[in-house]
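# A structural walkthrough
For reference, the chains in residue letters:
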Amino acid sequence: MAEMKKEIEVPISGMHCASCAMNIENSLNSLEGVKNTSVNLNSNKAIVEYDPSQIAIFEIEEAIEDLGFQVPKDEVILKIDGIHCANCVLNIENKLNKLNGIQKATVNLNSQKALVIYDKNIISPENMGKAIEDLGFEYLGIDSQIESNLDDERYEKDLKDKRNRIIVGFLFSGILMGLMFTHIHIFGLTMSELSLIIAILPFIYVSFQIIHAGFNSIIHKQLDMGVMYTMGILVAFISSLLGTFNIILDSSFMFYETAIMLASFLMLGRYLEARAKRKTSSSIKQLIGLQPKTATLLIKGKEIKEGEKEVKLEKGIDEEEIEKYSEKEVLIEDIAIDDLLLVRPGDKIPVDGIVIEGNSYVEESMITGEPIAELKFKGETVFAGTINQEGVLTIKAQKIGKETVLSQIIELVDKAQSSKPPVQRIADKVVKYFIPTILIISIASFSIWYFIIGSNLLFSLTTLISVLVVACPCALGLATPTAVTVGIGRAAEYGILIKNGETLESSEDVDVAIFDKTGTITEGNPEVSDILIFDNFQTKNKQSQLTENEFIQLIASLENNSTHPIAKAIVRKADEMNIDLKDVTDFENITGKGLKGTINEIAILAGNKSLLHDEGILDSENIIVSSNALETYNNFINESKTAIFLVYNGSIKGIITLMDKIRDNSKKTVEELKSMGIKTLMLTGDNEKTAINVANSVGIDEAIAGVLPNEKLEKVVEIQNTESENISSKNTRNTKNKVLFVGDGINDAPAISQADIGIALGTGTDVAMESGDIVIMEGNLENVVAAIQFSSKVMSRIKQNIFWAFAYNIILIPIAAGLLYPFFGIVFRPELAGLAMALSSVTVITLSLTLKAYIPQIKKDNI
C-alpha cells in the first residue's frame, strides 16, 4: 500500500530562540506518522510533512502545546437549520470533528448553532457548511453575518407553518374519530375507505416534514429521532392502508386518526419547543436590540440651515461649535474612528467613545448591571448601546463595529451559550446508544406480545408504535444547553460574563479564593495623601531644598511614562496643580520596585526602599539619611499608605504617599465566600504592614506581601498543589485545592489563566480580556460571589433536567411496551405516547426558563 503524505503549515506563538524551534522539531519528528518538520523562527511557523492515516492534525497541535507553546486558533459560530434531536447534534459533531483543521466542534440543540474552533489555514467555514449539508441539514451561514431580522422572519414563518399543520391535523383527526362513532356510510363506501379518503391529504400535509426528515436521515446513513418518528407514523398509516384493502390485515387495523394525531402531537411538541427555545435566548436578543441603527454625525465646514443655529443655541451647544459643524444622520456602519457624533437626550450612544463636549447622566445598566445612571462629562468614556438621559453630548468615536464593548459582550455570551459543561458528557454517551436500544426494545415488545404471549396483532403493533414514538433523547439533549443559555444570559444582565460551560461546573467546587489587592480589594484609584520634602541630607555638593511644585514636577514627569494606577495618581496631582511636565529619557520600569530615568541629563528615580537599596543609595557613604526620614517612611507604611522616595541627582529629595480606598463591598464579599467554606487569600506587591492592614479590614484569612507580578503565578500553582481542606464537604473529586483567582486582568493575567477559575474585573474597556473565565463588569466585587451562586444554580438545574429526562424515558418506555396491561389493563395509545414525547422536551425547557427569574442570594440581601 502506497504511503500517504500531506504537508501542513502550523502557526506557532511563544517561540523566542533557536532552541525553541529545535525543541519543536525534535518533538514532532519523534511522533509516529510525522515524516519531517521544519520550524521557521522568523515566520513563527512549522512546516510538517505527515501521514494522515497515522496521525491527525490536532495531535500535532497538541504536541506543540504540550511543550508550552501556543497554536493560534480561530473560532466561528455556524447557524444550522433542521436539528431536531440529540442524535442530530451527535451526528454533526462527529462529522465536523473528523475534518482536518478542526480542533473542536460543539453543537447546541437549543440555539441550532455550532461553535467551531479551527485553523483557517487548513479549513474554511464554507467547507464546514458543505460537510453539514452532506448530512442532510441546511447550512444557513456564519451566525454573525446573518441579519437579526432575517432570523426573526425565518422563525415566524416556521412557527406559522407548524401552527397551520397542527390545526389541520387535530381538525381532521377529530373528524376521523367522530366518524368511528357515527358509522356513517356515503356513496356505498366502507368506513375504512371513507376514512382513507378523508385522511390522505391531511396526513401528507401534517406529516410531510417529519417523514421527509426521516428519509433524509436514512439517505445520509444517519440514525436519529426523525427515523424513529417516521417509522412510527408510517407503521400506523400503512397498517391502516393494508387493513382498508384487506391485504394481510383486516379492517380492525384502523390507525388513520392515530397516524394524523401522532404527527400533530409531534408537530405540537416542536411548535411549543421552538417558542420555549426562543425565550431561552431572549437575553442575547435584548443585547442585540441595544445596538442603535443610526447616529448623528457632525460634519465640519458645512453651511448651516436657516433657524438651525437658534435651535442649537437653545440646546446649550457652544456657538463656535455650531459654526464649525453641521449634522447628518448616518448608518452605524458608516461611522469611522475619530468621527464626532452628537447624542441628544433619549438617544442611544452609537459607539464607544470619549466625551469632548457637554455633560449628562448615561444609563449603563445594560452593560454594567448597575442600575444607577453615571454622570458623564468631558474626558469620560461612553459605550455603545447605553442611553443618554438628560444633556446633549458630543463624543469622539474610539471603537466601532465589532470592537465596541457591547459587541464583545454579545460575542462572549453567544460563544458561552454554545459551550457544554462536562456533565453533558453523560447525556451524550446515552444518546449515542439510545436509538439502537429503542429499536431493539420496540421489536422485542412486538415479538414478545405476538409470538410468545400470543396477543393479537393489533395490540402488538400498538406497543411497537408507542415505544417508537414515546422514546425521546431530545429531553436529554436539551437538558444542558437550555439551562446554560438561560443561566449565562441571566448572569450577563448582572454584568457577569461567564465565558464557557466548563466554568459553570468548576465554580461549584472552589476551595481557595485568591485576590489581588490594588484594583481588586481596593478601588485601584489611589490619591496623593502626603508630600514630605526633606532637608538636604548630602554631605557634599549641597543643594537647596525643593519647593512642593518642583518636587511634584520631577516625580510626575518620571511617573508620566508609566500606566500604573500609582503613576496616574501622581500625574493627576500635577494636573490639578497646573504643573507642566519635563521630558524624560532613558526611562526604565523596575517591576515591583519603581522607575528610573534622566531629566536634563540628571539621573532621577522614584520607588520604594528596596529600589534604593538595589541602587546603593541608602548604603552610600556619600549620603547620610537621617533616622527621622526612615522612621517617617516606616510610619507611613504602618498607616497602610504607599510611600515612594524621590531621588534626584543622587540625593533623596522627599517622600510622596498615596492611599487607595477599599471597595465598599470587599468585606461583604469576603464574608460570603467564607460562609461558603472557601478560604480567602490576598497577594500583593505592597509591603507586609499595608497588606496585613488591608486583609484585616476586610476579613481575609491570609495576606502574602511583596509578591511581584511574575511570582503570582507561582503562588497560584503552589496553592493548587496543596492538599484541599474541604475534601469531605465539597471537592470530592480532587484532593488538591481548586483555586479561584480575582484580579484586574492586566499584570494578573498569568495567575488568572493558571487558576481553575480566573475572574477578571473589567471597567468596560477590559471586557475582552482573554485570561479570565469570568469577566465582572464595572469591578463590582459582590459579583464574584454572585458568579459562584449563578454557577451553582445553573448546575443544579442541569442535574434536575437530566434526572427528569432519564426518569421520563425509564418510566414511559416500559409502559408503552405494555408493562401495565397484564396488571391494570392499561394500553398506552400511540397518540398519547406522541403527546408525552412532546411534553417531555417542553417540560425540560420550561424548567430551564425558571432561571430567568433567578436572583443570586447576595443580590437579594441588597434589596
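In case you missed it, the structure is sitting above this.
The following refers to the structure shown. (Residues numbered from 1 in each chain as written. Predicted model: local features only at pLDDT ≥ 70, side-chain atom pairs only at ≥ 80, totals over all residues. Heavy atoms only, no water.)

## So, the overall build of the chain
Note the cut-off: By the criteria applied, helices consist of DSSP H or I runs no shorter than four residues and strands consist of E runs no shorter than two, each listed in order from the N terminus. Buried, partly exposed and exposed residues are distinguished by accessible area as a fraction of the type maximum, computed with a 1.4 Å probe on protein chains only: under 20%, between the cut-offs, and over 50%, respectively. A contact between two residues is defined here by any heavy atoms of the two lying within 4.5 Å. We count Lys and Arg on the positive side and Asp and Glu on the negative side, and we leave His and both chain ends out. Where a charge sits is defined by one atom per residue type, namely NZ (Lys), CZ (Arg), CG (Asp) or CD (Glu).
Helix and strand counts for the chain stand at 30 helices and 29 strands. When the backbone C-alpha atoms are referred to their principal axes, the chain occupies close to 125 × 75 × 60 Å. Residue burial in the chain is summarised as follows: out of 863 residues, 52% are buried. At a minimum sequence separation of 6, the contacts of the chain that also span at least 24 residues come to 70%. Side-chain charges of the chain comprise 80 positive and 113 negative groups, with the mean position of each set lying 5 Å from the other.

## A look at the sheet that holds strand β21 (residues 594-599)
For the record, the criterion: When DSSP finds at least two bridges between two strands, those strands are taken to pair. Helix axes are fitted to C-alpha atoms over the stretch in contact, other axes to C-alpha atoms as well, and angles between N-to-C directions run from 0 to 180 degrees.
Across the sheet, which stays open at both edges, the six strands sit in the order β19-β24-β23-β22-β21-β20 with antiparallel pairing between neighbours. Across the chains shown, the open sheet's two edge strands, defined by having one partner strand only, are β19 (527-533) and β20 (585-590). Sheet twist, expressed as the average angle between the axes of neighbouring strands with direction ignored, equals 15°. Where β20 meets β21, four bridges bridge the pair, whose relative direction is antiparallel.

## Let's talk about the state of the cysteines
Working definition: the covalent bond between the sulfur atoms of two cysteines is a disulfide. Inclusion rule: The disulfide criterion used throughout: a pair of cysteine sulfur atoms within 2.5 Å.
This model, assessed by the stated rule, comprises zero disulfides. In this structure Cys85 is not part of a disulfide, and its nearest cysteine sulfur, from Cys88, lies 3.5 Å away. Cys85 sits in the buried class, given a relative accessible area of 1%. Given the relative accessible area of 3%, Cys88 is considered buried.

## Quick word on the sheet that holds strand β6 (residues 113-118)
Within the open sheet, the four strands sit side by side as β5-β6-β4-β7. Their pairing is antiparallel. Looking at strand neighbours, the two that pair on one side only are β5 (102-108) and β7 (138-142), the edges of this open sheet. For this sheet the average axis-to-axis angle between neighbouring strands, irrespective of direction, equals 25°. Contacting β4 (74-81), β5, β6 and β7, helix α4 (residues 125-134) crosses the sheet at an angle of about 35° to β4.

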